[in-house]
Every structure is written in C-alpha cells, then in structure tokens.
Amino acid sequence: MKIFSWKDIEDLNSNPSSPLSSFFQGGTALTIGGFDGPHRGHEALCLSVLQKKKEFPSLKTGVITFNVPPKSKKSADFPGEVSTLNLRLEWFKHSGFDFTVVIDFSHKFSTMSGTDFLSFVYSACFMKFLFVGLDFKCGYKGAVGIAELHEFAASRDLTVSVLNTVSIGGMKVGSSGIRTAVAEGHMKYAEQLLGRPYTLDGTAIEWNYNRKDDIHTFEIDVKAVTQVLPPEGKYNVSVLLSDMTVSTAVCYCDAEFLRLSVSHPAASISVRTIDFI
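Scoring rules and cut-offs
Residues numbered from 1 in each chain as written. Predicted model: local features only at pLDDT ≥ 70, side-chain atom pairs only at ≥ 80, totals over all residues. Heavy atoms only, no water. Helix = DSSP H or I, 4+ residues; strand = E, 2+ residues; numbered from the N terminus. Polar contact = N/O pair within 3.5 Å; in protein donor to acceptor, adjacent residues only side chain to side chain. Axes fitted to C-alpha atoms, helices over the stretch in contact; angles between N-to-C directions. Parallel < 35°, antiparallel > 145°, perpendicular 65-115°, else oblique. Left-handed = near helix turned anticlockwise from the far one by under 90°. Contact = heavy atoms within 4.5 Å. Nonpolar A, V, L, I, M, F, W, Y, C, P; charged D, E, K, R; others polar. Salt bridge = Lys/Arg side-chain N within 4 Å of Asp/Glu carboxyl O. Buried < 20%, exposed > 50% of the residue type's maximum accessible area, 1.4 Å probe, protein only.

Observations regarding the side chain of Glu81
Okay, step 1: By secondary structure assignment, the location of Glu81 is in the loop between helix H4 (70-74) and helix H5 (85-95).
Okay, step 2: Side-chain polar atoms of Glu81 contact the side chain of Thr226, separated by 2.8 Å.

Set out below in structure tokens:
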C-alpha cells in the first residue's frame, strides 16, 4: 500500500503531468474520514470501496484520513485516540487498499472550504466513486454535508454512495462510543464495536524497561499515551512482541502509570501491540 501526504495531492493538483498522476489515471474509489478505530461501521464503508474494484479492476482503492482524529484538535477534554495512525495504516493495508492519503490536520487545512477540498481530491486522484457515512461533513466548520456532496457530484463524473449507520443492540457504532466503553472499563463491549479486541500500540510508546529472570516489565507515564486508557485496575492482555511471538501478560493501570509484565525467555524484547482480551 502506498502512503501519500496532503502535500502530494496539492502538488499533483497544480502539476497534472507529475509522474505520480499515472498511479491514479485508471480512476479511484475512495472513502474519507477519521477512521479512529477502525470499527465495524468503518468496515462496512471500506468493504464497499474494495468491492467496487471487483467491478472495475483498473480502479485504485484508497482512504483519505488524518494523522490524528480531528476531534482531538477541537476538544480540550478529548479522552484519547482509539487507535494510532500506525494501527490505522496497518488495518488499511491488511484490508487490501492500494493507497492512503494522510492529512496533517493543520490550521491551514482546517480553514479550507469543503468544496475546495473535494475539488483537490477529485482532480488529483481521478476520483470516480466516493463512499461516506450519513454523518459525513468536511471543510471549514463542517459546512459541506451530504446534500452539498451530492450537489458537487452532480456536475462531475462522480458517483457518491451514502451508507447507513451500523448499529449493535440498537446503539450506533462510533468512535465516541468506543472511547466511552474503554474509559469505563467495558472492554468486551469495546471489542463488540470494533470487531476485535481493543489494541494499544506499543511501538508508539517509549517504555521504561526492566528484566528480572524471565519477567520483563514495561512502564510508561499515562500522560505520554495518546490512546484512551481503561480505568485503574488489572487486565489480562495478549501482547505481540518484537520477535513476532504472542504472549499472555498482565497490564496494570493506575492514575499515573501503565505497567506491563511479560514472561518470556528472550534476553531482550520490546512490545509491538497490546490486546485487551
């Protein structure tokens, strides 16, 4: 999977003869969003995009997303990400996407109009199909929603599909609900919404590391963790280690630190991911 920056898209829009344009010339099927999870609602969107390539094999399939959830820039009490950019990119790659565009949600970008944003994507990526959720909004102050998106597509060679909300037990599946579930310690409910266990990205954390015999202990100040954490307590987890082995472990959370205790015979290991099971 190729990864592009928003600057790549801007440069391509101003220079259509760029060598990069050949990558997109067969047209693209896209979805756009924060994809903080990704969760079962996102999965429905992504499967729709990937299905389109089965109908039109020349299409490239892609995701337009952000380096951090836009909500984290707008709310002082944002509880944390559901997933890191690294985890999201791995999920997109594993799903089978051809490319992802990662946008740095800067002040400059946040003031761009929704129509300008869509025009950049449409022209640079040869966008032919766009799949979004019912709550889709883009541009400055979220001024472009579903009605404006359909209006934009009507005068262009663009098909827009709006997918219904995915619900479980009558509750909408969304990143906010997952954050709440994790923050309240409802890890199995978070797993239902995600479609897999809640995962912490160990590669994004600078751990304090100690080893005694075959017990490896990792510790981090919770303030350094960008993902939402469960409340104080002891949790059974599954860890993927640097040697690509999987081990069960115990994770301790308190108000100041997160500690991970792993039994492993290797002289030195590091943690790649932590799944709350």
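Some points on the packing of helix H9 (residues 175-183) against helix H10 (residues 187-194)
The description of two packed helices rests on the angle between their axes and on the distance between the axes.
Okay, step 1: Here H9 crosses H10 at 160°, and the two axes come no closer than 8 Å. Classified by the angle between their axes, H9 and H10 sit roughly antiparallel to one another. Read as a crossing pair, H9 and H10 show a hand that is left-handed. Along its contact with H9, which presents Gly177, Ile178, Ala181 and Val182, the element H10 presents Met187, Tyr189, Ala190, Leu193 and Leu194.
Okay, step 2: When grouped by side-chain class, the residues that make up the contact of H9 with H10 number 8 nonpolar, 1 polar and no charged.

Looking at unusual backbone geometry
Okay, step 1: Here the amide bond leading from Gly37 into Pro38 is cis, since omega sits at -25°, within 30 degrees of zero.
Okay, step 2: Checked against the element boundaries, Pro38 lands in the loop between strand S2 (28-32) and helix H3 (40-55).
Okay, step 3: A positive phi angle, near 55°, is found at Phe35, a position not held by glycine.
Okay, step 4: With a phi angle near 70°, Met244 is a residue other than glycine that sits in the positive phi range.
Okay, step 5: Along the chain, the position of Met244 falls in the loop between strand S12 (233-241) and strand S13 (246-253).

Here we look at the pattern of salt bridges
Okay, step 1: One pass over the structure, following the stated rule, counts 12 salt bridges.
Okay, step 2: Of the charged contacts in the structure, one is a salt bridge between Lys128 and Asp157, with a shortest N-O distance of 3.1 Å. One end of the pair, Lys128, is in strand S5 (residues 127-133); the other, Asp157, is in the loop between helix H8 (146-154) and strand S6 (159-163), with 29 residues separating them in the sequence.
Okay, step 3: Under the relative-accessibility criterion, Lys128 is labelled partly exposed at 29%.
Okay, step 4: By sharing partners, the salt bridges in this structure join Asp36, Glu81, Arg88 and Arg179 into a single network.

Considerations on the side chain of Ser247
Okay, step 1: Structurally, Ser247 can be placed in strand S13.
Okay, step 2: Ignoring anything within four residues of it in the chain, the contact list for Ser247 reads Val237, Ser238, Val239, Leu241, Val262 and Ser263.

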